[in-house]
Amino acid sequence: MDTRFFYVCLLSCLSCFSQKEETPKSFTIDANPFYGSIMLHNTDISHLINAHPAGVILGFNKKNFGSKEWHQEYNYPDTGISFVYQDMNDAVLGKNYSLYAHYNFYFFKRNMQFRIGQGLAYNTNPYDKNENFRGNAYGSHIMSSTFMMLNYHKEQLFKGLGIKAGISIIHYSNANVKAPNTSTNTFAFNAGLVYDLNGNEEVVYLKKFEKKKITQPLKANLVFRSGINESDVINSGQFPFYIFSAYADKRLSRKSGIQLGAEVFFSNFLKELIRFQSISFPELNVDPDTDYKRVGMFLGYELYISKLSAIAQLGYYLYYPFDFEGRLYNRIGLKYYFGKKLFGAVTLKSHGAAAEAVEFGLGIRL
């Protein structure tokens, strides 16, 4: 789960709420108390798994009835905002307050709902070498957070009131912006109520778009990504990084596209890590003059929703002078298209389950 989306809330909100209001309008609210356990994804936090977190997930949802083609294509999902309060029931971990933009997707005649949200969390008790040296899960007050809910969902049972129940997973991580960052993942059971603010008003879903095949020629893309991060060595310092990527993409359908490309990484935190290991761990035989740059190739997949799309890429370092977390890497995140050519991206680069950095990117599709 360290490789969960570090999607920044602003991009999701752009997709969810920047579009013109449609008629009819319908909104729901829901409240979902939960109770669960922290999953052991990393033995470094085993000393922190000694209680059961609990809290509540609150949601505000805007229904979509088919005024946009993507509504119909994805079975009329909701867009909305969630707030999560989670008490870790451990003084070392503290409490988390989180705000998300989310989508609700529906299945099985709209009786099953899958919600995925991305946003930011505030932790009340992050790591401090003097006051909280045991709290190695969170290295900062502000973190990214992703959560998912899979619920039985039944609306309009009595005067606009309905029920929902199921399971949730809540992930907190600062994506190695600051060490330590072992993160937590909570698996929980939730049950709650949903209320339709329009009461018993009947909902009619529009079917005005015919499915059509989308074909496009091969397109070239150039992307510049940057941000700051820190190695796993606590207090080793935060450094900027720069990534230059070039790739070709081919759109296969209304929903899917594939990518193939190459990129070069200028990760300045590796300079400090190389110096540190060469001095502190002579048995590793690290040359202090080792090049910190890396060059990789990647294969990717893009899922188009509206102006927003989700991407997943798997890469391999061709040039790899310093051994850091292995040659394979992966990237997941969001893109937002500002027009036919320009796009912004927020992505998380990882090596397996170990996050390296959250990347903010700007690109052009030629």
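Residues numbered from 1 in each chain as written. Predicted model: local features only at pLDDT ≥ 70, side-chain atom pairs only at ≥ 80, totals over all residues. Heavy atoms only, no water.

> Please provide a residue-by-residue account of the pairing of strand β5 (residues 112–123), values included.
Alignment of strand β4 (residues 95–107) against β5, held across twelve bridges, turns out to be antiparallel. Within the sheet, the bridge partner assigned to S98 lies in β5 and is A121. The sheet contact formed by β5 and strand β6 (residues 142–158) spans eleven bridges and is antiparallel. Residue pairing in the sheet places G117 in a bridge with F147 of β6. (Pairing = 2+ DSSP bridges. Helix = DSSP H or I, 4+ residues; strand = E, 2+ residues; numbered from the N terminus.)

> Outline the confidence of the model for the protein chain, supporting the account with residue identities and numerical values.
On average, the protein chain scores 89 in pLDDT, and the residues at 70 or more come to 93%. Within the model, pLDDT remains below 50 along residues 1–22, and this stretch shows 83 contacts once partners closer than five positions in the same chain are excluded. (pLDDT = per-residue confidence, 0-100. Contact = heavy atoms within 4.5 Å.)

> Let's hear about the nonpolar core: which residues, and what values?
Formed by 19 residues in total, the largest nonpolar core has its most connected members in V84, L93, Y138, I170 and Y172. Among the elements of the structure, β1 (27–38), β6 and β7 (161–173) are those that each provide at least two residues to this core. In terms of residues, this core owes the most to one element, β6, which gives three residues. The residues contacting I170, other than those within four sequence positions of it, are F34, V84, Q86, Y100, S145, T146, F147, T184, N185 and T186. Of all hydrophobic cores here, the second largest spans 13 residues; its members include F241, Y304, Y320 and F343. (Core = buried A, V, L, I, M, F, W, Y, C linked by side-chain atoms within 4.5 Å. Buried < 20%, exposed > 50% of the residue type's maximum accessible area, 1.4 Å probe, protein only.)

> Can you break down the pattern of salt bridges residue by residue, with the values?
For the structure shown, the criterion picks out 13 salt bridges. Here E359 and R225 are joined by a salt bridge, their closest N and O atoms 3.7 Å apart. Placement of E359 in strand β16 (residues 354–365) and of R225 in strand β9 (residues 219–229) is noted, with a sequence separation of 134 residues between them. Across this residue pair, the class does not change: E359 and R225 are buried. For the salt bridge of E356 with K349, the shortest nitrogen-to-oxygen distance reads 2.6 Å. The burial state of E356 is the same as that of K349; both residues are buried. (Salt bridge = Lys/Arg side-chain N within 4 Å of Asp/Glu carboxyl O.)

> Quick one: what's the story with the environment of K178, residue by residue and with numbers?
As for its position among the elements, K178 is in the loop between β7 and β8 (184–196). Among the residues examined, K178 registers a relative accessible area of 32% and is labelled partly exposed. Among all residues touching K178, those that are not within four sequence positions of it are G139, E230 and Q238.

> Explain the packing of aromatic side chains to me, using residue names and the numbers behind them.
Think of a pair of aromatic rings as described by two things: how far the centres are apart, and how the planes are tilted against each other in angle. Under the definition given, this model contains 20 aromatic pairs. Arranged with centres 5.3 Å apart and planes meeting at 45°, the rings of Y85 and Y97 form a pair that is tilted. Separated by twelve residues along the polypeptide, Y85 in strand β3 (residues 78–87) and Y97 in strand β4 bring together distant segments of the chain. Since its relative accessible area comes to 24%, Y85 is described here as partly exposed. (Phe/Tyr/Trp six-rings, centres within 6.5 Å; stacked < 30°, edge-to-face > 60°.)

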